[in-house]
There are 2 protein chains.
Amino acid sequence: MTESKRSGKYQVLIIGGGFGGMYAAKKLRNKEVNVTLIDRRNFHLFQPLLYQVATGGLSPGDIASPLRVIFNKNKNITIVKDEVVDFEPSSNSVITKRERIHYDALVLAAGSEHHYFGNNHWAEFAPGLKSIEDAIEIRRRIFEAFELAEMETDPKRQQELMTFLVIGGGPTGVELAGSIGELAHRTLIRDFRTIHTSRAKILLVEGGQGIMPSYPEKLSFRAVQSLNRLGVDVLTSCRVVDIDEHGVVIEEDNRTYNLSAHTVLWAAGVKSSELGKKLAKKTGAETDRSGRIMVGNDLTLPGHNNIYVIGDLAHVKATDGRPLLGVAPVAMQQGRYVAKSILRKLRNKKTRPFHYHNHGNLAVIGRNFALADFTWFRLSGFAAWLVWIFVHIAYLIEFDNKLLVLVQWAGDYFTRKKGARLITNEGRK
Amino acid sequence: MTESKRSGKYQVLIIGGGFGGMYAAKKLRNKEVNVTLIDRRNFHLFQPLLYQVATGGLSPGDIASPLRVIFNKNKNITIVKDEVVDFEPSSNSVITKRERIHYDALVLAAGSEHHYFGNNHWAEFAPGLKSIEDAIEIRRRIFEAFELAEMETDPKRQQELMTFLVIGGGPTGVELAGSIGELAHRTLIRDFRTIHTSRAKILLVEGGQGIMPSYPEKLSFRAVQSLNRLGVDVLTSCRVVDIDEHGVVIEEDNRTYNLSAHTVLWAAGVKSSELGKKLAKKTGAETDRSGRIMVGNDLTLPGHNNIYVIGDLAHVKATDGRPLLGVAPVAMQQGRYVAKSILRKLRNKKTRPFHYHNHGNLAVIGRNFALADFTWFRLSGFAAWLVWIFVHIAYLIEFDNKLLVLVQWAGDYFTRKKGARLITNEGRK
């Protein structure tokens, strides 16, 4: 291990190159601090479009940008591809797999991972969607299922192969189920000779009373309607109690029953990165039930005014008293806030508490339907979809000039072609 | 196993969805035959641009198209994703992993695979470039090497990490080495803080007397010059006698010495698919040294006028007496030829022998330099590169309307940005 300590400048260490960490680093570009941005991966991932990779609409390269490319013009920012293993707040340093890194200010933005609620063996049967590799694995499973159904001669087995079950009625589950519906009922309709892909059964299973619980009830209802139009059946108040290679076991009104499905996908829960737990332990910070760290209104840890926690890892209360959602806009605003905060402190200015500006939530269902919940008005349908596509493309352009993704989508929209429907990494299951 | 035999129509079975098989099927679209196209993968791969995926210039989705999409409007063409395991010429049928398929005419276009000349254990240290997975693995190794070098403190080890050795001076080896040179000396130049990527050492090792042996000597010389400009050292008459995790052992003028390199890539040899051997055994056909099947001038097997072998698997003599190269244009022309031949026989017309129209060979070195060998004139440099890019884009557009790849490249050309530089599938080595 080597002690990394560069020049005399104030050292900001950011852990995680997601929306929180990346926007913090962006705000510190060419400022009077040295920034080290550390991530296990060499790229920033545009997570909100990951479900598009999982369903063959986009390629991984369309939604990921190397961190080094994003910051290559900013000499005060150093990218380190390494993994953080522990914290040493007493000496203001972080231990990685390869070295010990000193900081003057630390920003933890390590995000979240799947949470199977103590049933980690379910992961094999119902993969979740967090990484590029997850998306490629899900893509493989979906398209392989149609291929196997095409060759199957037993009708019962064929129907099972054409049954897709998505667990979790939040935005990811809804977007995944909607995209599979779109595939089966529209995109793939002419591709097979034996099966009719429109006979595919797509089930969205939610434990709570309704899907999209963070949206107003009316939009939640519109979401169900539009999912139905894409051939997706929505089952609410259905708790998944077991998963194996044949499908899932559901509990509803104290009765249990089996749902057979060849492809089961997990979108039911995330928990905070393990790093949060480690930092909490070392600093005595409190965590909530899902492992998020309780931070002050300046996003620092109590008693550690140079340690910030942001994004999915931070428990911050919204004006209504509920914790802020683990979504990109929250992380981005927090990233920008801590960067400004660090600079203000350095300049001996007073910092203001963090306040989240909710510009609204967006979720897309299939090809041209979306839900938009702006606090002052709500929208659903094609108009919301147009808003959705422009907001997303604007961000993609901002971080890597990916105007082309828009052009490509426009093309796909009219031709119904999808170039990323590849089955790769077979036999690695 | 089920016996697949559809309707009363003449059944053409094509094995392999590469350039040979795909073009045969294209020519049989909407004709008076039923076509079954069988492939292990669900996509056609534009192999000539695979090195671009391996070096982070393109995404897999840019150069692959699902076979079902290509043929979804052609009701007489059925795509089967399955693996052929054996042949039964006596009953005109083929055995796959899942069924037995009857044919009236068989077209074998199964291509080639890496050939380590009896040293299969080298594959682990020096991966070859044939599949999307190969390309992603090579991409991972190249970019991971730079990441490791950035963190390395021992200068000797750092130089080893920044040494890339490509074995084989044919088009693939030259294109790979040129692209790595481009990366190190141009594209990545501003991305790192500790290392200078331009100090990377890139070695192209060739056993023969010169690189690009199928090109005229003058172009081969220009290739060396342009590789040198990209920082690639070309070593000829150097035979690789061993490969391990530290690098390779070279034999030159009966002396052996070691070359240390963290990243070693294999582009030195291909052999015919194993299916060729099986078919030869069952039909008594002869094979050449690299396993290609000796076919008649109508591309059928002697004594089996309904079995065609095309592409990399076929040994067909050119006008100069040497066998035709295993390149896309040869396979495409052969695919079209056998389709026409099958239709002529069905219509009781005489067939003509196959004749290859050599429109020339093209190879690209780095960003804007190519070699073009048209039989009537030769070109190298930027003009050849323009020819190269238009020829390739024309084909990409033909098979999947991928005009966007051109737009993207044009964009990349000016911005030197590369969105596909992702390190994925780590820890699966």
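Please read all numbers here as calculations on a predicted model, not as lab measurements.

A.B. asks: Explain the overall build of chain A to me, using residue names and the numbers behind them.
C.D. replies: When you go through chain A residue by residue, the secondary structure sums to 11 helices and 26 strands. In summary, chain A has a C-alpha radius of gyration of 22 Å against a globular reference of 22 Å for 429 residues, a match within 12%. For the C-alpha atoms alone, the extent of chain A along its principal axes is close to 70 × 50 × 50 Å. By the burial criterion, 58% of the 429 residues in chain A qualify as buried. Relative to all contacts within chain A whose residues are 6 or more apart in sequence, the contacts with residues 24 or more apart total 64%. One way to put it: in chain A the 58 positive side-chain charges average out to a point 8 Å from where the 44 negative ones average out.

A.B. asks: Mind laying out unusual backbone geometry, listing which residues take part and the relevant values?
C.D. replies: Here the phi dihedral of Asn348(A) falls at roughly 60 degrees; this positive angle occurs in a residue that is not glycine. In this fold, Asn348(A) is placed in the loop between α9 (328-346) and β24 (361-364). Of the residues examined, Asn348(A) reaches a relative accessible area of 71% and is grouped as exposed. A positive phi angle, near 50 degrees, is found at Asp253(B), a position not held by glycine. Turning to its location among the elements, Asp253(B) is positioned in the loop between β16 (247-252) and β17 (255-260). Residue class for Asp253(B) comes out exposed when judged on its relative accessible area of 62%.

A.B. asks: How would you summarise the sheet that holds strand β3 (residues 33-39) of chain B if you had to cite specific residues and measurements?
C.D. replies: Residues and elements named next belong to chain B. Taken in spatial order, the six strands line up as β6-β3-β2-β10-β22-β21 in an open sheet, and their pairing is mixed. Lying at the two open borders of the sheet, with one neighbouring strand each, are β6 (77-81) and β21 (300-301). By the bridge criterion, four bridges tie strand β2 (residues 10-15) to strand β10 (residues 105-108) in an arrangement that is parallel. For leucine 13, the partnering residue across the bridge sits in β10 and is leucine 106. Relative to strand β22 (residues 304-309), helix α8 (residues 274-283) is tilted by about 165 degrees, and along the sheet it contacts β2, β10, β21 and β22.

A.B. asks: Can you break down the side chain of Gln334(B) residue by residue, with the values?
C.D. replies: Tracing the sequence through the fold places Gln334(B) in helix α9 (residues 328-346). Look past the residues within four positions of Gln334(B) in its chain and what remains in contact with it is Leu299(B), Ile310(B), Gly311(B), Val316(B), Leu324(B) and Phe354(B).

A.B. asks: Please set out the pattern of salt bridges residue by residue, giving values where relevant.
C.D. replies: Tallied over the full model, the rule gives 32 salt bridges over all chains. The salt bridge partner of Lys97(A) is Glu83(A), with a shortest N-O separation of 3.3 Å. With Lys97(A) in the loop between β8 (93-96) and β9 (100-102) and Glu83(A) in the loop between β6 (77-81) and β7 (84-88), the pair connects residues that are 14 residues apart, well separated along the chain. For Glu83(A), a relative accessible area of 28% corresponds to the partly exposed category. Glu274(B) is the salt-bridge partner of Lys277(B), the closest N and O atoms lying 3.7 Å from each other. Here Lys277(B) and its partner Glu274(B) are both found in helix α8, three residues apart, which amounts to about one turn of the helix.

A.B. asks: Go over the packing of helix α1 (residues 19-27) of chain B against α9(B) with me, naming the residues and quoting the values.
C.D. replies: Residue and element names in this part refer to chain B. Axis separation between α1 and α9 bottoms out at 7 Å; the angle between their running directions is 35 degrees. In this structure, the crossing between α1 and α9 has a hand that is right-handed. For the pair formed by α1 and α9, the contact residues are Phe19, Gly20, Tyr23, Ala24 and Lys27 on the first element and Ala328, Ala331, Met332, Gly335, Arg336, Val338, Ala339, Lys340 and Leu343 on the second.

A.B. asks: An account of a nonpolar patch on the surface is requested, with residue identities and associated values reported.
C.D. replies: A surface patch of nonpolar side chains, about 290 Å² in accessible area, is lined by Phe382(A), Leu386(A) and Phe390(A). Assignment of secondary structure puts Phe390(A) in helix α10 (residues 382-400).

A.B. asks: Go over the environment of Trp385(A) with me, naming the residues and quoting the values.
C.D. replies: Considering the arrangement of structural elements, one finds Trp385(A) in helix α10. Taking the C-alpha atoms as reference, Trp385(A) lies 29 Å from Leu67(A); in sequence the two are 318 residues apart.

A.B. asks: Describe the environment of Glu99(A), listing the residues and the values that go with them.
C.D. replies: Residues and elements named next belong to chain A. On the secondary structure map, glutamate 99 appears in the loop between β8 and β9. Glutamate 99 gets classed as buried once you look at its relative accessible area, which sits at 14%. In the structure, glutamate 99 is positioned 47 residues away from phenylalanine 146 in sequence and 47 Å away in space, judged by C-alpha atoms.

A.B. asks: Please give an account of the side chain of Thr263(A) that cites residues and values.
C.D. replies: Residue and element names in this part refer to chain A. Counting through the fold element by element, threonine 263 comes out in strand β18 (residues 263-266). Judged by relative accessible area, threonine 263 falls into the buried class, the value being 1%. Non-local contacts of threonine 263, meaning those with residues more than four positions away in its chain, are made with Arg141, Ile142, Ala145, Thr163, Phe164 and Leu165.

A.B. asks: Before we move on, can you summarise helix α7 (residues 217-229) of chain B with the specific residues and values?
C.D. replies: Residue and element names in this part refer to chain B. Spanning 13 residues, α7 covers 19 Å between terminal C-alpha atoms, matching the ideal 18 Å at 1.5 Å per step. Listed in full, the buried residues belonging to α7 are Leu219, Ser220, Ala223, Ser226 and Leu227. Angularly, the buried residues of α7 cover 125 degrees about the axis, an arc narrow enough to put them on a single face. Of the exposed residues in α7, those oriented more than 90 degrees away from the buried face are Glu217, Lys218, Phe221 and Arg229. Along its buried surface, α7 packs onto α6 (171-187), β13 (201-205), β14 (232-235), β25 (370-373) and β26 (378-381).

A.B. asks: Go over helix α4 (residues 132-151) of chain B, please, and point to the residues and values.
C.D. replies: The terminal C-alpha atoms of α4(B) lie 29 Å apart, and with 20 residues this matches the ideal 28 Å at 1.5 Å per residue to within 8%. In terms of burial, α4(B) is largely enclosed, as 19 of its 20 residues are buried.

A.B. asks: Summarise the sheet that holds strand β15 (residues 239-244) of chain A; cite the residues concerned and give the values.
C.D. replies: All names here are of chain A. A sheet is described by the order of its strands in space; here three strands give the open sequence β15-β16-β17, paired in antiparallel fashion. Here the strands that pair on one side only, and so sit at the sheet edges, are β15 and β17 (255-260). Direction aside, the axes of adjacent strands within the sheet are offset by 25 degrees on average. Both strand β16 (residues 247-252) and β17 contribute to a ladder of six bridges, which runs antiparallel. Of the residues in β17, the one forming a bridge with glutamate 252 is arginine 255.

A.B. asks: Report on the packing of aromatic side chains, specifying residues and quantitative values.
C.D. replies: Residue and element names in this part refer to chain A. By the definition in use, this model includes 16 aromatic pairs over all chains. Three or more aromatic residues link up through ring pairs in this structure, and these residues are Tyr116, Phe117, Trp122 and Trp266. Geometry around tyrosine 23 places lysine 26 over its ring, the cationic atom sitting 5.2 Å from the centre.

A.B. asks: Describe the pairing of β22(B), and please don't skip the residues or the numbers.
C.D. replies: It is a general feature of regular strands that their side chains alternate between the two faces of the sheet. Residues and elements named next belong to chain B. With three bridges connecting them, β10 and β22 associate as parallel partners. Bridging across to β22, leucine 108 finds its partner in valine 309. When β21 meets β22, the two strands line up antiparallel, connected through two bridges. For leucine 301, the partnering residue across the bridge sits in β22 and is histidine 304.

A.B. asks: Describe a positive patch on the surface, listing the residues and the values that go with them.
C.D. replies: Residues and elements named next belong to chain A. Together, Lys27, Lys31, Lys340 and Arg352 make up a positively charged patch on the protein surface. The residue lysine 31 is located in the loop between α1 (19-27) and β3 (33-39) in this model. We classify lysine 31 as partly exposed; its relative accessible area is 33%.

A.B. asks: Pulling in residues and values, what's your account of the confidence of the model for chain A?
C.D. replies: All names here are of chain A. Taken over all residues, the pLDDT of chain A has a mean of 89, while the share at 70 or more is 92%. Per-residue pLDDT stays below 50 along residues 1-5; that stretch engages in 15 contacts with residues further than four places along the chain or on separate chains. Taken over the whole predicted complex, pTM reads 0.90, whereas the ipTM for its chain interfaces reads 0.86.

A.B. asks: Describe the environment of Val205(A), listing the residues and the values that go with them.
C.D. replies: Residue and element names in this part refer to chain A. Relative to the helices and strands, valine 205 resides in strand β13 (residues 201-205). Given a relative accessible area of 1%, valine 205 falls into the buried group. Distance in space between the C-alpha atoms of valine 205 and valine 166 is 6.2 Å, their sequence separation being 39 residues. Once residues lying within four places of it in the same chain are set aside, the contact partners of valine 205 are Leu165, Val166, Ile167, Gly168, Gly169, Leu235, Cys238, Val240, Ile250 and Leu259.

What counts and how
- Residues numbered from 1 in each chain as written.
- Chains lettered and ligands numbered in written order.
- Predicted model: local features only at pLDDT ≥ 70, side-chain atom pairs only at ≥ 80, totals over all residues.
- Heavy atoms only, no water.
- Helix = DSSP H or I, 4+ residues; strand = E, 2+ residues; numbered from the N terminus.
- Rg over C-alpha atoms; globule rule 2.2 N^0.38 Å.
- Buried < 20%, exposed > 50% of the residue type's maximum accessible area, 1.4 Å probe, protein only.
- Contact = heavy atoms within 4.5 Å.
- Lys, Arg positive; Asp, Glu negative; His and termini not counted.
- Charge placed at Lys NZ, Arg CZ, Asp CG, Glu CD.
- Pairing = 2+ DSSP bridges.
- Axes fitted to C-alpha atoms, helices over the stretch in contact; angles between N-to-C directions.
- Salt bridge = Lys/Arg side-chain N within 4 Å of Asp/Glu carboxyl O.
- Left-handed = near helix turned anticlockwise from the far one by under 90°.
- Patch = residues over 30% accessible without salt bridge, like charges linked within 9 Å, V, L, I, M, F, W, Y side chains within 5 Å.
- Areas by Shrake-Rupley, 256 points an atom, 1.4 Å probe, with all protein chains shown as cover.
- Expected span 1.5 Å × (residues − 1).
- Arc of directions from axis to C-beta.
- Phe/Tyr/Trp six-rings, centres within 6.5 Å; stacked < 30°, edge-to-face > 60°.
- Lys NZ or Arg CZ within 6 Å of the ring centre and 35° of its normal.
- pLDDT = per-residue confidence, 0-100.

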